[in-house]
Amino acid sequence: NAGVTQTPKFQVLKTGQSMTLQCAQDMNHEYMSWYRQDPGMGLRLIHYSVGAGITDQGEVPNGYNVSRSTTEDFPLRLLSAAPSQTSVYFCASRTSGPYGYTFGSGTRLTVV
Amino acid sequence: AQTVTQSQPEMSVQEAETVTLSCTYDTSENNYYLFWYKQPPSRQMILVIRQEAYKQQNATENRFSVNFQKAAKSFSLKISDSQLGDTAMYFCAFMKLSEMSGTYKYIFGTGTRLKVLA
């Protein structure tokens, strides 16, 4: 029972580089979300999806793109990395009802 | 707009003792849901407990229980018989149905770092 699988666990990027954070879930959850976690700021929603082919912006979407071609996968793309994007990123999924999230193990991203 | 406040950035407790983490929220809604999540040093976020606002009974999960005071908009987490493995960051979260989008929206607090001392 894998749950939510996030890769990579750690990444260092140079300013201006692009990369994709991968996220996959095997629970057939409709909802998938990307959050970033910064000290003293809790978790902030970047983008989310309510099903395959449907995505929407969260609280802090600038500099990030997402797509959801399948129920299972929800990659997050950093278009041109900036030091302000240094953070820990979490992918999470849940059912469409009022229930808790299942989180991935996170990606610690450093942009230098 | 809904907000979630965790006023204790850090706390510590002796092993085997009881500790209470506070969480307050602001909403004009009547139906909503509240959660506590645990994030140990391994970084993995784990759901600890869930409370439905329309239920008066406080939720419990083994050593974890909540004190839900709807009128006061307070949702504290009590950890009994604290163990070293309870050392973690704890996040309170609020969830409600958005009438505009028809989807559930989550708001997280900023977290309380709990250290259990041997």
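Everything quoted here is computed from the prediction, not taken from an experiment.

Draft legend 1. Quick look at the interface of chain B and chain A. Counting residues at the interface gives 18 residues for chain B, matched by 26 residues for chain A. There are 11 residue pairs in polar contact (both at pLDDT 80 or more) connecting chain B and chain A. Listing elements by their share of the side of chain B that touches chain A, those giving two or more residues are β5 (33-39), β6 (46-52), β10 (88-97) and β11 (104-108) of chain B. Across the side of chain B that touches chain A, the residue classes tally to 10 nonpolar, five polar and three charged.

Draft legend 2. View of the state of the cysteines. What the rule picks out here adds up to two disulfides over all chains. Between the sulfur atoms of Cys-23 of chain A and its disulfide mate Cys-91 of chain A the distance is 1.8 Å. Here the S-S torsion is close to -70°, and the disulfide linking Cys-23 of chain A with Cys-91 of chain A is therefore left-handed. In this pair, Cys-23 of chain A sits in strand β3 (residues 19-25) while Cys-91 of chain A sits in strand β9 (residues 87-94), placing the two residues 68 residues apart along the sequence. Here Cys-23 of chain A and Cys-91 of chain A have matching classes, each one buried. Across the disulfide from Cys-23 of chain B sits Cys-92 of chain B; the S-S distance is 2.0 Å. Note on the Cys-23 of chain B and Cys-92 of chain B pair: the S-S dihedral is about -70°, so by sign convention the disulfide is left-handed. Here Cys-23 of chain B is found in the loop between β3 (19-21) and β4 (24-26), whereas its partner Cys-92 of chain B is found in strand β10, with 69 residues between them in sequence. Since its relative accessible area comes to 1%, Cys-23 of chain B is described here as buried.

Draft legend 3. Layout of the packing of aromatic side chains. In total, this model carries 20 aromatic pairs over all chains according to the counting rule given. With centroids separated by 6.4 Å and ring planes inclined at 55°, the aromatic side chains of Tyr-37 of chain B and Tyr-106 of chain B adopt a geometry described as tilted. With Tyr-37 of chain B in strand β5 and Tyr-106 of chain B in strand β11, this pair connects stretches of sequence that are 69 residues apart. Each member of the pair, Tyr-37 of chain B as well as Tyr-106 of chain B, carries the same accessibility label: buried. One aromatic cluster is present, built from ring pairs that chain together Tyr-35, Phe-90, Tyr-101 and Phe-103 of chain A together with Phe-35, Tyr-37, Tyr-106 and Phe-108 of chain B. A cation over a ring is seen here: Arg-94 of chain A above Tyr-101 of chain A, with NZ or CZ 5.2 Å from the ring centre.

Draft legend 4. Spatial organisation of the pattern of salt bridges. Counted according to the given criterion, the structure contains seven salt bridges over all chains. Taking the shortest distance from any N to any O, the salt bridge between Lys-96 of chain B and Glu-29 of chain B comes out at 3.7 Å. Note that Lys-96 of chain B is positioned in strand β10 and Glu-29 of chain B in the loop between β4 and β5, a separation of 67 residues in sequence. Overall, the relative accessible area of 13% leaves Lys-96 of chain B in the buried class. Members of the salt-bridge network, linked through shared partners, are Arg-36, Asp-38 and Arg-44 of chain A.

Draft legend 5. Representation of the layout of surface pockets within the structure. There is about 550 Å³ of room inside the largest pocket. Lining the largest pocket are 24 residues, with Gln-37 and Pro-39 of chain A together with Gln-39, Met-89 and Arg-113 of chain B sitting closest to its centre. At the level of secondary structure, the elements contributing two or more residues to the lining of the largest pocket comprise β4 (31-38) and β9 of chain A together with β10 and β12 (112-117) of chain B. At three residues, β10 of chain B tops the list of elements feeding residues into the lining of the largest pocket.

Draft legend 6. Structural view of the nonpolar core. Residue and element names in this part refer to chain B. Residues Tyr-25, Trp-36, Phe-75, Leu-77 and Tyr-90 are the most contacted members of the largest nonpolar core, which totals 25 residues. Breaking this core down by element, the ones donating at least two residues are β3, β5, β6, β8 (64-69), β9 (74-79), β10 and β12. With four residues, β10 is the single largest residue contributor to this core. When neighbours within four sequence positions are excluded, Phe-75 is seen to be in contact with Cys-23, Tyr-25, Leu-34, Phe-35, Trp-36, Gln-51, Val-66, Asn-67, Phe-68 and Cys-92.

Draft legend 7. How the structure looks around the environment of Tyr-54 of chain B. Relative to the assigned elements, Tyr-54 of chain B resides in the loop between β6 and β7 (60-61). Sequence-distant contacts of Tyr-54 of chain B, that is, excluding residues within four places in its chain, are made with Asn-31 and Tyr-33 of chain B.

Draft legend 8. Broad picture of the environment of Glu-30 of chain A. Residues and elements named next belong to chain A. Considering the arrangement of structural elements, one finds Glu-30 in the loop between β3 and β4. Not counting chain neighbours up to four residues away, the residues in contact with Glu-30 comprise Ser-49, Val-50, Gly-51, Arg-68, Arg-94, Thr-95 and Ser-96. Polar contacts involving the side chain of Glu-30 include one to the main-chain amide nitrogen of Ser-96, which spans 3.2 Å.

Calculation criteria
- Residues numbered from 1 in each chain as written.
- Chains lettered and ligands numbered in written order.
- Predicted model: local features only at pLDDT ≥ 70, side-chain atom pairs only at ≥ 80, totals over all residues.
- Heavy atoms only, no water.
- Contact = heavy atoms within 4.5 Å.
- Polar contact = N/O pair within 3.5 Å; in protein donor to acceptor, adjacent residues only side chain to side chain.
- Helix = DSSP H or I, 4+ residues; strand = E, 2+ residues; numbered from the N terminus.
- Nonpolar A, V, L, I, M, F, W, Y, C, P; charged D, E, K, R; others polar.
- Disulfide = S-S within 2.5 Å.
- Buried < 20%, exposed > 50% of the residue type's maximum accessible area, 1.4 Å probe, protein only.
- Phe/Tyr/Trp six-rings, centres within 6.5 Å; stacked < 30°, edge-to-face > 60°.
- Lys NZ or Arg CZ within 6 Å of the ring centre and 35° of its normal.
- Salt bridge = Lys/Arg side-chain N within 4 Å of Asp/Glu carboxyl O.
- 1 Å grid on protein atoms, 1.4 Å probe; cavity = no way out; pocket = protein on both sides within 12 Å on 5 of 7 lines; lining within 4 Å.
- Points joined across faces, edges and corners; volume = space filled by probe spheres on them.
- Core = buried A, V, L, I, M, F, W, Y, C linked by side-chain atoms within 4.5 Å.

Honestly, it's all geometry; don't read function into it.
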